[in-house]
Amino acid sequence: MVLTNEFITQKLTEKFGEAITNIEEPYGLLTFEVPKEMNLKVMQFLHDDPDLQFRFLTDLCGVHYPDQTGRELGVVYHLHNMPENVRVRLKVFTNIQQPDVFTATKLYESANWQERETYDFYGINFVGHPNLKRILNVDEMDYFPLRKEYPLEDQTRIDKDDEMFGRGGSI
Amino acid sequence: MSELIQQEQHHVKLPEGSIGKQTTTLNLGPTHPATHGVFQNILEVDGERIVSAEQTVGYIHRAFEKIAERRPLYQITPLTDRLNYCSAPINNMGWHLTCEKLLGVKTPKRVDYLRVIIMELSRISDHLICNSIVGVDTGAFTGFLYVMQYRELIYEIYEEICGSRLTTNIGRIGGFERDFSNTAFEKIERFLKEYPVVLKEFENLFQRNRIFMERTMGTGGISAERALNYGFTGPNLRAAGVDYDVRVTAPYSSYEDFEFEIPVGTTGDNYDRWLVRNQEMWQSLRIIEQAYRKIQEFKGEEATVYHADVPEYYLPKKEDVYTKMEALIWHFKIIMGEIDMPKGEVYHAVEGGNGELGFYLISDGGRAPFRLHFRRPCFIYYQAYSELTKGAMLSDAIITLSSLNLIAGEMDA
C-alpha cells in the first residue's frame with residue numbers, strides 16, 4: 001500500500017471530521033491545521049494508527065502572524081513516516097493573550113528542547129512540559145524576541161530608508 | 001559527620017542541601033578544552049561516575065532566524081555558513097536548494113554533480129574532524145595532526161572555487177559563481193589519489209586498536225528506538241542501526257545517479273559512531289570519484305555549464321554589468337535584494353555532516369522570508385546527552401561528547 005496524501009487526508013477526516021481544516025499541499029507536502037486542543041489527539045492518531053505510523057518528529061517551530069486576530073501564534077510540526085518516507089506538516093494556532101498548547105514531549109522526547117526554543121522565542125506556553133524555561137536566550141529576558149513586534153534594526157535610524165529593504169519599517 | 005561540618009561552618013551561606021549531599025557538582029564547560037565548543041554541562045558526580053547531567057546551551061546564539069526575516073535570499077547564505085562550520089558548503093547548498101525549490105529552478109546535471117563533489121568533500125572534512133577528535137580524546141593526537149593536511153587540501157579546493165576556506169559562502173541560486181578552474185580539478189584529482197592511502201592509515205591506527213576499542217566500545221550507546229524518539233539523524237542514528245539517509249530517501253542534487261552504501265552500526269555507542277563516520281568517508285570518496293568521472297564525460301556546450309538560467313537571481317557577467325544597462329540594473333536588483341519571492345511554504349532537507357539539516361521557509365511574497373527556521377540536527381540530538389552519560393565514567397562522557405560531533409555554532413543558531 002502506498003501512503004498517498006489523499007489516503008492520509010481521508011483517514012484523518014474519517015477520524016476527526018470537520019476538525020481538520022486548511023488542507024493544502026504546498027510543494028507536495030501535505031499540510032493541515034487542527035484546533036489547538038486537539039493537537040495531541042491528532043498526533044497520537046498519526047503515531048499509532050497501523051496505516052499511518054508517523055513516528056518521527058522532524059521539526060517543531062513557532063510562527064507569528066500579527067494580522068490574524070485571535071490566532072496570532074502558530075506551532076508547526078513536521079512529522080515523518082520513515083519506512084514509507086512520507087512527511088506531513090501539522091499546524092495549530094493560538095491567541096497571543098493566552099498561548100497555551102499541549103506539549104508533545106510525552107510522544108516525542110525530541111520535542112523537549114524544540115518546545116523550549118519555541119517558548120523562548122514566541123512565548124508559547126506548552127502545557128505539561130517537564131521543564132519549560134528559556135534555552136538559547138538569557139533567563140532574565142522578559143520578552144519573546146521572534147515575535148513580529150520586535151523590529152530587527154533600530155527604528156530610530158534615519159540614514160536608512162527601510163522601504164528599500166523588504167517590507168516597510170513597522171515590522 | 002555532616003552535622004559536625006554544619007556546626008563548624010554555620011557562618012558560611014551554602015545552597016540548601018549542599019552539606020549533607022553525597023555527590024559533587026561539577027561544571028564541565030562552558031569553556032573547557034574537552035568540550036570542543038562553548039556549552040556547559042552541570043554534572044552530578046559520585047566519585048568518577050556521573051549521576052546526572054544537565055546541559056546549558058545558547059552561549060553563542062546569534063539570532064539567525066530573526067536576522068533572516070529582514071535579509072534577501074543571498075544575504076542569508078553567509079548565515080548558514082556559521083551553523084555547522086565544519087561543513088559549511090553543505091549548509092550553503094542546502095539553503096540554495098531550498099530557494100531553488102521555492103522558485104521552481106531546475107539545475108543542469110553538471111551543476112548537480114559539481115555540487116555533489118563539494119558536498120561530499122565537506123562531509124569528509126566534517127567526519128575527519130569528528131573522528132580524529134575522538135582519537136584525541138582517547139589519547140591519540142598523532143592521527144588528528146596527520147589528517148589535518150587533507151582537510152587543508154579540501155580547504156584549498158574550496159578556495160580555488162569560491163575564494164574562502166572556512167565560512168565559504170559557496171555557490172549561487174542555480175549553480176556556482178564560476179566554473180571550476182583547472183587547478184581545482186587537479187586538486188580534486190590529487191585528493192582522490194592520495195586521500196584513500198591516508199584514510200587507510202588513519203583507519204589502521206584506530207579501528208582495531210586495543211586501547212581505542214576499550215575506551216569507546218559500550219560507552220555512550222543508545223538503542224534505535226530511543227534514538228528515533230530523541231530525533232537523532234545522520235551518522236549518530238545510523239550507528240544505532242537505522243539506515244535513514246536523506247540522500248537516499250529524498251534525493252536532491254541528483255544523488256540518485258550515484259552508487260553508494262549507507263553504513264549502519266548496531267549498538268549506537270561511541271565505537272559504532274566512529275565506524276559509521278569512517279565508512280561514510282569511504283562512501284563519500286566513491287561518490288566523488290563517480291561524480292568526477294561523470295563530469296569528464298560531458299561534451300561540447302554541456303561541458304561548460306556551471307549554473308542554471310535564473311536571470312532574476314543569478315548575477316549577470318561582470319563584463320555585461322560594465323557595458324550593458326539591463327545587466328547593470330539586474331546586478332543592483334540582485335545585490336540589494338529587491339526581487340519579490342513567490343508566496344509559499346517550503347521544507348527542504350539535506351544530509352548534513354550531523355544529520356538532517358532542514359530549512360523551513362515561509363514566504364509571504366516579500367523580499368525577505370516571513371519566517372525561516374533551521375532544523376539543526378545537533379540541537380535536537382544533544383538533548384539525549386544526559387541519558388547517554390547517566391551512570392558513565394566522566395572520562396567516557398568526554399568521548400561521548402566529541403563522538404556526537406556537537407558543533408556549538410549549529411546548536412545555538
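Rules used in this analysis
Residues numbered from 1 in each chain as written. Chains lettered and ligands numbered in written order. Predicted model: local features only at pLDDT ≥ 70, side-chain atom pairs only at ≥ 80, totals over all residues. Heavy atoms only, no water. UniProt positions renumbered as here; feature names shortened; annotations may be inferred. Helix = DSSP H or I, 4+ residues; strand = E, 2+ residues; numbered from the N terminus. Rg over C-alpha atoms; globule rule 2.2 N^0.38 Å. Buried < 20%, exposed > 50% of the residue type's maximum accessible area, 1.4 Å probe, protein only. Contact = heavy atoms within 4.5 Å. Areas by Shrake-Rupley, 256 points an atom, 1.4 Å probe, with all protein chains shown as cover. Lys, Arg positive; Asp, Glu negative; His and termini not counted. Charge placed at Lys NZ, Arg CZ, Asp CG, Glu CD. Polar contact = N/O pair within 3.5 Å; in protein donor to acceptor, adjacent residues only side chain to side chain. Pairing = 2+ DSSP bridges. Axes fitted to C-alpha atoms, helices over the stretch in contact; angles between N-to-C directions. Expected span 1.5 Å × (residues − 1). Domains from an automatic or database assignment. Buried area = accessible area lost by both parts, 1.4 Å probe. Salt bridge = Lys/Arg side-chain N within 4 Å of Asp/Glu carboxyl O. Nonpolar A, V, L, I, M, F, W, Y, C, P; charged D, E, K, R; others polar.

- Per an unreviewed UniProt entry, chain B goes by NADH-quinone oxidoreductase subunit D and derives from Flavihumibacter fluminis.
- Within the UniProt record for chain B, the comment given under Subunit (unreviewed entry) is "NDH-1 is composed of 14 different subunits. Subunits NuoB, C, D, E, F, and G constitute the peripheral sector of the complex."

- With an unreviewed UniProt entry as reference, chain A is termed NADH-quinone oxidoreductase subunit C, source organism Flavihumibacter fluminis.
- Looking at chain A in UniProt, the text filed under Sequence similarities (unreviewed entry) is "Belongs to the complex I 30 kDa subunit family."

## Notes on the overall build of chain B
Alright, step 1. Each helix and strand in chain B was counted, giving 18 helices and six strands.
Alright, step 2. For chain B, the C-alpha radius of gyration of 24 Å lies close to 22 Å, the compact-globule estimate for 413 residues.
Alright, step 3. Expressed as lengths along the three principal axes of its C-alpha atoms, the size of chain B is roughly 90 × 45 × 35 Å.
Alright, step 4. Taking all 413 residues of chain B together, the buried fraction comes to 57%.
Alright, step 5. The contacts of chain B with a sequence gap of at least 6 include a subset with a gap of at least 24, amounting to 70%.
Alright, step 6. Accessible surface, chain B as shown: approximately 16500 Å² in total, 53% of it carbon and sulfur.
Alright, step 7. For chain B, the distance from the average site of its 44 positive side-chain charges to the average site of its 56 negative ones is 3 Å.

## Quick notes on the side chain of arginine 89 of chain A
Alright, step 1. Note that arginine 89 of chain A resides in strand S5 (residues 86-94).
Alright, step 2. When its relative accessible area of 0% is taken as the criterion, arginine 89 of chain A is described as buried.
Alright, step 3. Within the structure, arginine 89 of chain A has its side chain in polar contact with the side chain of histidine 78 of chain A (distance 3.0 Å).
Alright, step 4. Residues within four places of arginine 89 of chain A in sequence aside, it is in contact with Pro26, Leu29, Leu30, Thr31, Phe32, Val76, Tyr77 and His78 of chain A together with Glu345, Val346, Tyr347 and Tyr360 of chain B.

## Observations regarding the sheet that holds strand S1 (residues 24-28) of chain B
Residue and element names in this part refer to chain B.
Alright, step 1. In space, the three strands of this open sheet follow the order S1-S2-S3, with antiparallel pairing throughout. Each of the sheet's edge strands pairs with one partner strand only, and the pair in question is S1 and strand S3 (49-56). The mean inter-strand angle of the sheet, taken between neighbouring strand axes irrespective of direction, is 25°.
Alright, step 2. Where S1 meets strand S2 (residues 40-46), five bridges bridge the pair, whose relative direction is antiparallel. In the strand pairing of S2, leucine 28 is matched with asparagine 41.

## Brief notes about the environment of glycine 352 of chain B
Residues and elements named next belong to chain B.
Alright, step 1. Within the secondary structure, glycine 352 sits in the loop between strand S4 (344-351) and strand S5 (356-363).
Alright, step 2. Along the sequence, glycine 352 and alanine 88 sit 264 residues apart, while their C-alpha atoms lie 9.3 Å from each other.
Alright, step 3. The contact partners of glycine 352, leaving out residues within four places of it in the chain, are Ile90, Arg123 and Leu357.

## A look at helix H1 (residues 5-16) of chain A
Since the α-helix turns once every 3.6 residues, residues separated by three or four places project in the same direction.
Residues and elements named next belong to chain A.
Alright, step 1. Here H1 is 12 residues long and its end C-alpha atoms lie 16 Å apart, about the 16 Å a rise of 1.5 Å per residue gives.
Alright, step 2. Where H1 is concerned, the buried positions are Asn5, Phe7, Ile8, Thr9, Lys11, Leu12 and Phe16.
Alright, step 3. Residues of H1 that are buried sit in contact with strand S1 (21-24), strand S2 (30-33), helix H2 (39-48) and S5.

## Section: the pairing of strand S4 (residues 73-81) of chain A
All names here are of chain A.
Alright, step 1. Counting buried residues along S4, nine of its nine residues qualify, which places the element largely inside the surrounding structure.
Alright, step 2. Burial along S4 is two-sided: Leu73, Val75, Tyr77, Leu79 and Asn81 facing one way and Gly74, Val76, His78 and His80 facing the other are all buried.
Alright, step 3. In terms of strand pairing, strand S3 (residues 56-64) meets S4 through eight bridges, oriented antiparallel. Within S4, the position partnered with phenylalanine 56 by the bridge is histidine 80.

## Notes on the UniProt feature "domain: NADH-quinone oxidoreductase subunit D" (unreviewed entry) in chain B
Alright, step 1. Listed under "domain: NADH-quinone oxidoreductase subunit D" (unreviewed entry) in the UniProt record, and renumbered for this structure, are residues 137-412 of chain B.
Alright, step 2. The span residues 137-412 of chain B is 51% helical and 8% strand by assignment, and the distance between its end C-alpha atoms comes to 24 Å.

## Looking at the domain arrangement of chain B
Residue and element names in this part refer to chain B.
Alright, step 1. Splitting chain B by domain gives domain 1 (2-56) and domain 2 (64-306 + 336-412).
Alright, step 2. If you look at the interface, domain 1 gives 17 residues, while domain 2 gives 21 residues.
Alright, step 3. Of the roughly 1600 Å² buried between domain 1 and domain 2, counting both surfaces, carbon and sulfur atoms make up 62%.
Alright, step 4. There are zero salt bridges connecting domain 1 and domain 2.
Alright, step 5. One can count six residue pairs in polar contact (both at pLDDT 80 or more) joining domain 1 with domain 2.

## Topic: the interface of chain B and chain A
Alright, step 1. Counting residues at the interface gives 50 residues for chain B and 52 residues for chain A.
Alright, step 2. Note on chain B versus chain A: buried area summed over both sides is about 4300 Å², and carbon and sulfur give 54% of it.
Alright, step 3. Of all residues in chain B, Lys66, Arg70 and Glu345 of chain B give up the largest surface area on contact with chain A, accounting jointly for 18% of the area buried on that side.
Alright, step 4. Among the salt bridges present, the one from glutamate 345 of chain B reaches arginine 89 of chain A, with a minimum N-O distance of 3.3 Å.
Alright, step 5. Across the chain B-chain A interface, the total number found is 23 residue pairs in polar contact (both at pLDDT 80 or more).
Alright, step 6. Ranked by residue count, the leading element in the side of chain B that touches chain A is S4 of chain B, at five residues.
Alright, step 7. In terms of residue class, the side of chain B that touches chain A is made up of 22 nonpolar, 11 polar and 17 charged.

## As for the pattern of salt bridges
Alright, step 1. All chains considered together, the criterion is met by 33 salt bridges over all chains.
Alright, step 2. The residue arginine 87 of chain A makes a salt bridge to glutamate 356 of chain B at a minimum N-O spacing of 3.0 Å. Of this pair, arginine 87 of chain A sits in strand S5 while glutamate 356 of chain B is found in strand S5, placing the two residues in two different chains.
Alright, step 3. Between arginine 134 of chain A and aspartate 120 of chain A there is a salt bridge whose closest N-O contact spans 2.7 Å. With arginine 134 of chain A in the segment after strand S7 (125-127) and aspartate 120 of chain A in helix H3 (residues 111-122), this pair connects stretches of sequence that are 14 residues apart. Aspartate 120 of chain A carries the same exposure label as arginine 134 of chain A, and that label is buried.
Alright, step 4. Taken together, the shared-partner salt bridges connect Glu120, Arg123, Arg238, Asp245, Arg247, Glu280 and Glu351 of chain B into one network.

## What about the pairing of S5 of chain B?
Residue and element names in this part refer to chain B.
Alright, step 1. In terms of burial, S5 is largely enclosed, as eight of its eight residues are buried.
Alright, step 2. Residues Glu356, Gly358, Tyr360 and Ile362 of S5 are buried on one face, and the alternating residues Leu357, Phe359, Leu361 and Ser363, pointing to the opposite face, are buried as well.
Alright, step 3. Where S4 hands over to S5, the hairpin turn is made up of four residues, of which glycine 355 adopts a positive phi near 140°.
Alright, step 4. As paired elements, S5 and strand S6 (residues 371-375) share five bridges and run antiparallel to each other. The residue bridging isoleucine 362 from the neighbouring strand is arginine 371, located in S6.

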